[in-house]
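Here are the chains, one letter per residue:
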Amino acid sequence: MKVRGQVGTWTLGIALALGLAATPSQIAAQDKDHVVSLDELKSDSAKPAQTREANEAEVRHLLKTEAGQEALKTAKVDYAKVDKAISQLSDDDLATVAEKSRQADHDFAAGGLSQTLIIVIVLIVILIIVLALVF
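Remarks on the nonpolar core
Val59, Leu63, Val82, Ile86, Val122 and Ile129 are the most contacted members of the largest nonpolar core, which has 20 residues in total. Of all the secondary structure elements, the ones that give two or more residues to this core are helix 2 (38-64), helix 3 (66-75), helix 4 (79-88), helix 5 (91-109) and helix 6 (115-134). No other element matches helix 6, which puts six residues into this core. Filtering out sequence-adjacent residues up to four positions away, Val82 remains in contact with Leu63, Leu72, Val77, Ile126 and Ile129.

Let's talk about the environment of Asp105
The topology assignment puts Asp105 in helix 5. With 44 residues separating them along the chain, Asp105 and His61 place their C-alpha atoms 9.2 Å apart. Among all residues touching Asp105, those that are not within four sequence positions of it are Glu58 and His61.

Here we look at the side chain of Glu56
Within the secondary structure layout, Glu56 lies in helix 2. Look at Glu56 and you get buried, because its relative accessible area is 14%. Among all residues touching Glu56, those that are not within four sequence positions of it are Ile86, Ser87 and Leu94.

Here's the deal with unusual backbone geometry
Of note, Lys76 is a non-glycine position whose phi angle comes to about 55°, a positive value. With respect to the helices and strands, the residue Lys76 is situated in the loop between helix 3 and helix 4. The class for Lys76 is exposed, based on a relative accessible area of 78%.

Comments concerning helix 3
Taken as a whole, helix 3 has its buried residues at Ala67, Gly68, Ala71 and Leu72. Summarising the axial view, the buried residues of helix 3 lie within an arc of 140°, below the 170-degree limit, and thus occupy one face. The exposed set on the far side of helix 3, more than 90 degrees from its buried face, consists of Glu66, Lys73 and Thr74. One or two steps after helix 3, the chain reaches Lys76, where phi turns positive at roughly 55°.

Section: the packing of helix 4 against helix 6
The geometry of helix 4 relative to helix 6 is characterised by a closest axis approach of 10 Å and an angle of 55° between their N-to-C directions. By the criterion of interaxial angle, the relationship of helix 4 to helix 6 is oblique. Handedness of the crossing formed by helix 4 with helix 6: left-handed. Across from Val82, Ala85, Ile86 and Gln88 in helix 4, the residues of helix 6 making contact are Ile126, Ile129 and Leu133. Looking at the contact of helix 4 with helix 6, its residues break down into six nonpolar, one polar and no charged.

What counts, and where the lines are drawn
- Residues numbered from 1 in each chain as written.
- Predicted model: local features only at pLDDT ≥ 70, side-chain atom pairs only at ≥ 80, totals over all residues.
- Heavy atoms only, no water.
- Core = buried A, V, L, I, M, F, W, Y, C linked by side-chain atoms within 4.5 Å.
- Buried < 20%, exposed > 50% of the residue type's maximum accessible area, 1.4 Å probe, protein only.
- Helix = DSSP H or I, 4+ residues; strand = E, 2+ residues; numbered from the N terminus.
- Contact = heavy atoms within 4.5 Å.
- Arc of directions from axis to C-beta.
- Axes fitted to C-alpha atoms, helices over the stretch in contact; angles between N-to-C directions.
- Parallel < 35°, antiparallel > 145°, perpendicular 65-115°, else oblique.
- Left-handed = near helix turned anticlockwise from the far one by under 90°.
- Nonpolar A, V, L, I, M, F, W, Y, C, P; charged D, E, K, R; others polar.

Dropping the structure here:
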């Protein structure tokens, strides 16, 4: 009877060892079955932050131009306050303001806008920023 118990214990131990040895290969097989890799997930999760950074940079670029500085002086608004307000905008509002900034910058570079019109556009951008924060 003792021999049967020992054989049973040995059999259970061998089965447990084989089961533990097979586990890493099963985990590796599961990693290969995923549709999206971990690197893709990381890059996808970083895209919104990168987009927001690019949008903030675009708006700040327009406000730092000569026309932007002149518009800020005309509106009697401190750049530091507007800069702080830019970072508080929602992603949607920031995307809208950034698109208007890009369009104004592109049109001005192409010669389609005068300095005065750029100042008006910058004033509108400032107004959008202020209204987005208030409402």
